[in-house]
Each structure stands twice: as C-alpha cells, then as structure tokens.
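Remarks on the overall topology
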Amino acid sequence: MKKVLIIEDEQAIAELERDYLESHGFETDIEGRGDIGLQKALGQSYDLIILDVMLPKVDGFEICRQIRQSTDIPILMVTAKKEDIDKIRGLGLGADDYMTKPFSPSELVARVKAHLSRYERLTGDRNDRGDHVFIRGLTIDKPSRRVTIHDQEAALTAKEYDLLLLLATHPNRVFDKEELFERVWGLESVGDIATVTVHIRRLREKIEHDPSNPQYIETVWGVGYRFRV
C-alpha cells in the first residue's frame, strides 16, 4: 500500500484529502505544522508528499527545498494563491506538480496516481545501479565517465559529463542556472553563469536526436532545466 504524507494546516481540507486517498487504497498521515511535517518527511518512509505552501513554523517552500536534498519522491504542492511566481518558485525548488485551492478531490487523487505511476516507471526504467545510470537509451558509465546514446558513444567534455550526471541522477527535479553553476563548477568558481546555457546547448547537440525539440534535457521557462523521464 502506497503511503502519502499530507502537510496541511487546514484540518477540513487535510481530512477531505485523506478520506479520498484512503477510499482509493492509500495509507495517509496528516501533519498541520510545517516543522513537524518536515521531520516526518525526512525521518519516515513515504511514497508521495502533498504539501501546502502556507504553514506555521516552516513554510512549504523551505520544506520542499530540504526534502529535495535527500530524496526525489513526488511532491505535490497546494496553495490558495493564484500567482504564477509561487508556482515558479515551487517548481524551481523541486516540486513535481502544483494545485491551486479550491480543487476537486478526485483530481487530486488522479494526480497522485499519475505521479506515483511516473515515479515507479522512472525508478524502474532508470535503474541507477551504483556504477551505471540507464534512462531511455542513454547510459552513463560512472567509473569510465563514458556516455552512450543507443549504443553510440557521445564525446563529452569533463564539465558536460558532470552537468549531465547531475541532471540525470535527479530526474524531474528543476535546477536553476545558479545552482547548476555552483554544483558543477564549484562554489569558488569565477565565471559567468551563462556558461551553463552554453553547456546545455552543447549537451543537447551531443545526446538529443533533435536538439531543438529535446527529449532529455528540458527547459522550464523562467526557472531552469530538468532531466525529463
């Protein structure tokens, strides 16, 4: 049975979400405080998290940020606000989806099922088995730092490889350019983060069948990039 954590301070909404999810076979936990919800998310095993934005003690954005440092499980963020900036911020921190209140409980259940199914396909298809990553015809051999696309080797530079490895081992997570620059080039690096855009373009030329219509490295406009599965 799949286990879902609901972090929501409006009790009536949390209980409605719980009732609909449990009627469809899910096990659920509810937590109304952000700080305790974060502790549960990091300390217990869940398959998906439904996360409200406005929470006491710790808000949903910070919870999402900290969860993404340790796990790639699906996060569905919920808010009463309709501004795009909140959606962009949530996706930028690694949320998989976003719903605005009020919403249909049946739609919530449908999205939960869809994200769990996609995550299962991802973890099954990715097969990140220690030294190798396999995703839809792309293979990354970590010990040799070799990358092949449908059995054809892609000649990558050191930074292109590092950038690809970071994105591919965090599938569906959105990285902004600043974080990619810091993590691939190093916190002490001196340079222009525009180099990230250049390296993404070169990567696409080497691993994408049609770089203008990328199937692996996707641009999330206004946010950054993610490796799509």
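First, a word on what this report is: a plain description of the structure on this page. (Residues numbered from 1 in each chain as written. Predicted model: local features only at pLDDT ≥ 70, side-chain atom pairs only at ≥ 80, totals over all residues. Heavy atoms only, no water.)

A closer look at the environment of Trp 185
The residue Trp 185 is located in helix H7 (residues 177-185) in this model. The buried category is assigned to Trp 185, whose relative accessible area is 17%. In this structure the C-alpha to C-alpha distance between Trp 185 and Tyr 20, which are 165 residues apart in sequence, comes to 46 Å. Among all residues touching Trp 185, those that are not within four sequence positions of it are Lys 159, Leu 180, Thr 195, Val 196 and His 199. (Helix = DSSP H or I, 4+ residues; strand = E, 2+ residues; numbered from the N terminus. Buried < 20%, exposed > 50% of the residue type's maximum accessible area, 1.4 Å probe, protein only. Contact = heavy atoms within 4.5 Å.)

Brief notes about the pairing of strand S6 (residues 132-135)
With burial as the criterion, only one face of S6 is covered, namely that bearing Val 133 and Ile 135; the residues His 132 and Phe 134 on the opposite face remain uncovered. With antiparallel pairing between neighbouring strands as the criterion, S6 and strand S7 (residues 138-141) make up a hairpin whose turn holds two residues, including Arg 136 at a positive phi of roughly 45°. (Pairing = 2+ DSSP bridges.)

Observations regarding the sheet that holds strand S9 (residues 152-154)
Read from one edge to the other, the open sheet built from four strands follows the order S6-S7-S8-S9, with strand pairing classed as antiparallel. The sheet terminates laterally at S6 and S9, the two strands that pair on one side only. Averaged over all pairs of adjacent strands, the angle between strand axes in this sheet comes to 20°, irrespective of strand direction. Packed on one face of the sheet, helix H6 (residues 158-168) meets S6, S7 and strand S8 (146-149) and runs near 115° to S7. (Axes fitted to C-alpha atoms, helices over the stretch in contact; angles between N-to-C directions.)

Description of the nonpolar core
By size, the foremost hydrophobic cluster in this structure holds 26 residues, and its most contacted members are Leu 138, Ile 217 and Phe 227. By residue number, the principal contributor to this core is H6, which donates six residues. With near-sequence residues (within four places) excluded, Leu 138 lies in contact with Val 133, Val 147, Thr 148, Ile 149, Leu 164, Ile 207, Tyr 216 and Phe 227. If you look at the next biggest cluster of nonpolar residues, it comprises 20 residues, including Leu 38, Tyr 46, Leu 93 and Tyr 98. (Core = buried A, V, L, I, M, F, W, Y, C linked by side-chain atoms within 4.5 Å.)

Some points on the packing of H7 against helix H8 (residues 194-207)
Axes are the key here: two packed helices are described by the angle between their axes and the distance separating the axes. Remark: H7 packs on H8, axes separated minimally by 9 Å, with the N-to-C direction vectors making an angle of 80°. Here H7 lies roughly perpendicular to H8, going by the angle between them. Along its contact with H7, which presents Lys 177, Leu 180, Phe 181 and Trp 185, the element H8 presents Thr 195, Val 196, Thr 197 and His 199. Class assignment for the residues of the contact of H7 with H8 results in four nonpolar, three polar and one charged. (Parallel < 35°, antiparallel > 145°, perpendicular 65-115°, else oblique. Nonpolar A, V, L, I, M, F, W, Y, C, P; charged D, E, K, R; others polar.)

Considerations on the side chain of Glu 17
Considering the arrangement of structural elements, one finds Glu 17 in helix H1 (residues 11-23). Although buried, Glu 17 forms no salt bridge, and the nearest oppositely charged side chain, Lys 101, lies 6.6 Å from it. In this structure, Glu 17 is in contact with Ile 6, Ile 50, Phe 103 and Leu 108, ignoring residues within four places of it in sequence. (Lys, Arg positive; Asp, Glu negative; His and termini not counted. Salt bridge = Lys/Arg side-chain N within 4 Å of Asp/Glu carboxyl O.)

Remarks on the packing of aromatic side chains
Tallied over the full model, the rule gives two aromatic pairs. Consider the rings of Phe 181 and Trp 185, whose centres lie 5.7 Å apart with planes at 15°: the pair is stacked. You can see Phe 181 and its partner Trp 185 sitting in helix H7, four residues apart, about one turn around the helix. Using a relative accessible area of 9% as the deciding quantity, one classes Phe 181 as buried. Note on Tyr 216 and Phe 227: the rings are 5.5 Å apart at their centroids and 35° apart in plane angle, and the pair reads as tilted. Placement of the pair is Tyr 216 in the loop between H8 and strand S10 (217-220) and Phe 227 in strand S11 (residues 224-227), with a sequence separation of 11 residues. One exposure class covers both Tyr 216 and Phe 227, and it is buried. (Phe/Tyr/Trp six-rings, centres within 6.5 Å; stacked < 30°, edge-to-face > 60°.)

Notes on the packing of H6 against H7
In the contact formed by H6 and H7, the axes pass within 10 Å of each other and the chain directions differ by 120°. One element, H6, and the other, H7, form an angle in the oblique class. Between H6 and H7 lies a crossing whose hand is right-handed. Note on element contacts: H7 touches H6 through Leu 180, Arg 183, Val 184 and Trp 185, opposite Lys 159, Asp 162, Leu 163, Leu 166 and Leu 167. Broken down by class, the residue content of the contact of H6 with H7 amounts to six nonpolar, no polar and three charged. (Left-handed = near helix turned anticlockwise from the far one by under 90°.)

Some words on the side chain of Glu 218
By the secondary structure assignment, Glu 218 is in strand S10. Of the polar contacts made by the side chain of Glu 218, one reaches the side chain of Arg 226; its length is 2.7 Å. Ignoring anything within four residues of it in the chain, the contact list for Glu 218 reads Arg 204, Gly 224, Tyr 225, Arg 226 and Arg 228. (Polar contact = N/O pair within 3.5 Å; in protein donor to acceptor, adjacent residues only side chain to side chain.)

In short, the description is geometric, and any link to function would need to be established separately.
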